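So you can see what is in the structure, the chains are spelled out below.
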Amino acid sequence: MDPVVIPILVAALVMVFLVAATVRIVPQARRYNIERFGRYRRTLQPGLNFVLPVADRVNTKLDVREQVYSSDPKPVITEDNLVVNIDTVLYYQITDPRAAAYEVADYLQAIDQLTVTTLRNVIGSMDLEATLTSREEINARLRAVLDDATGKWGIRVNRVEIKAIDPPNTIKEAMEKQMRAERDKRAAILHAEGERQAKILTAEGTKQKDILEAQGTQQAMILRADGESKAVELVFQAVHRNNADAKVLAYKYLETLPHLAQSDNNTFWVIPGELTEAIRTVTTAFGDQSAGAGLSASAEREDVAADVADSDKDGVGAPEIEPNSTLALDAVAAADEAAKQAAAAVSDAKAEAEAAGETRLPGRR
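If you're wondering where the values come from, they're calculated on a predicted model, not measured in any experiment.

Caption draft 1: Spotlight on the sheet that holds strand 5 (residues 56-63). Sheet architecture is open: three strands sit in the order 3-2-5, paired in antiparallel fashion. Two strands lie at the open edges of the sheet, namely strand 3 (39-44) and strand 5, each paired on one side alone. When strand polarity is set aside, the average angle formed by the axes of neighbouring strands in this sheet is 25°. Examined bridge by bridge, strand 2 (residues 30-36) and strand 5 share seven bridges and lie antiparallel to one another. Residue pairing across strands places N33 opposite T60, the latter belonging to strand 5.

Given below as structure tokens:
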């Protein structure tokens, strides 16, 4: 090999080494701390950077993106002397790479220990129930303490979350029993409220039903009464228009009396005083024919009496009427027939009235 080539190659290698040692390419969201002869010089930003070879060197490479740190469960004692294990999740971001590298030896360990001590201070002033229900308050107090302490380390705590709070197993069982009892209580209350509401709705429905039925019955009675009144008015007009005599009216009166006792609203029935007058009228009506026969018999008797008077004047004795004569038999038959018809009319009217009264009031005498 040519002796001139060897120095050239050595010089080229030295130049390549120097260039490689001089140029530093920093990725995005990264920061490099540069030391010159062991002393902090500057922080390289993302992109192409130049340093002094041999004199400058990269001490720390830091990621300035937001980081997530999850700590292990830590035992913490509450105010009511119960030990609970609490897991926390920390969201932080490096804002000052120089302070993060030179102000604290291990910022993650420092943050972890600071989180534990702050949790013990905060949880120590709360009982178990407040600890389980006050996560927002605990998070806020943790963040305030950590942000204040880590500010000089070049770290900003963006958020602190409690991931889990695990009480002892005995406390878990007691809490489960309490929750079960509360749920059973709420279920019983809801069931009772449902039954109460159902009974109220049923009672309201029954009430509305009774009211509607009563209104329907009232309307029916009103319509029925209107119909009966119109029917009576029509009958009354028809009777007066046809000029019915007293015998027809008396017969209809007796015919209507039994229907008075068939009403559902009657508790007793009184026979009106006009009943005797009606019976007398009916008796007279049925006895007209017998009365005519009686008049014929009376005329015959008068003729016989005149004959007897003439005979007395002539000195002849009065002729006697044979008991079995046709005149005597006709008069007796007519009288008996009239009496029977009157008695039958009265008996029928009384029987119908008593039957109607007994049918309506079987317990009354």
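After that view, the rundown keeps rolling.
Caption draft 2: The arrangement of the packing of aromatic side chains in detail. Per the counting criterion, the structure on display carries two aromatic pairs. Note on Y40 and Y102: the rings are 5.6 Å apart at their centroids and 65° apart in plane angle, and the pair reads as edge-to-face. With Y40 in strand 3 and Y102 in helix 2 (residues 97-102), the pair connects residues that are 62 residues apart, well separated along the chain. Judged by relative accessible area, which is 32%, Y102 ranks as partly exposed. An angle of 65° between the planes, with centres 6.0 Å apart, marks the rings of Y92 and Y107 as edge-to-face.

Caption draft 3: The arrangement of a nonpolar patch on the surface in detail. Together, I6, V10, V14, M15, F17 and L18 line one region of the surface with nonpolar side chains, adding up to about 540 Å² of accessible area. Tracing the backbone shows V10 in helix 1 (residues 5-22). The partly exposed category is assigned to V10, whose relative accessible area is 45%.

Reading the values: the criteria
- Residues numbered from 1 in each chain as written.
- Predicted model: local features only at pLDDT ≥ 70, side-chain atom pairs only at ≥ 80, totals over all residues.
- Heavy atoms only, no water.
- Pairing = 2+ DSSP bridges.
- Helix = DSSP H or I, 4+ residues; strand = E, 2+ residues; numbered from the N terminus.
- Axes fitted to C-alpha atoms, helices over the stretch in contact; angles between N-to-C directions.
- Phe/Tyr/Trp six-rings, centres within 6.5 Å; stacked < 30°, edge-to-face > 60°.
- Buried < 20%, exposed > 50% of the residue type's maximum accessible area, 1.4 Å probe, protein only.
- Patch = residues over 30% accessible without salt bridge, like charges linked within 9 Å, V, L, I, M, F, W, Y side chains within 5 Å.
- Areas by Shrake-Rupley, 256 points an atom, 1.4 Å probe, with all protein chains shown as cover.
- Salt bridge = Lys/Arg side-chain N within 4 Å of Asp/Glu carboxyl O.

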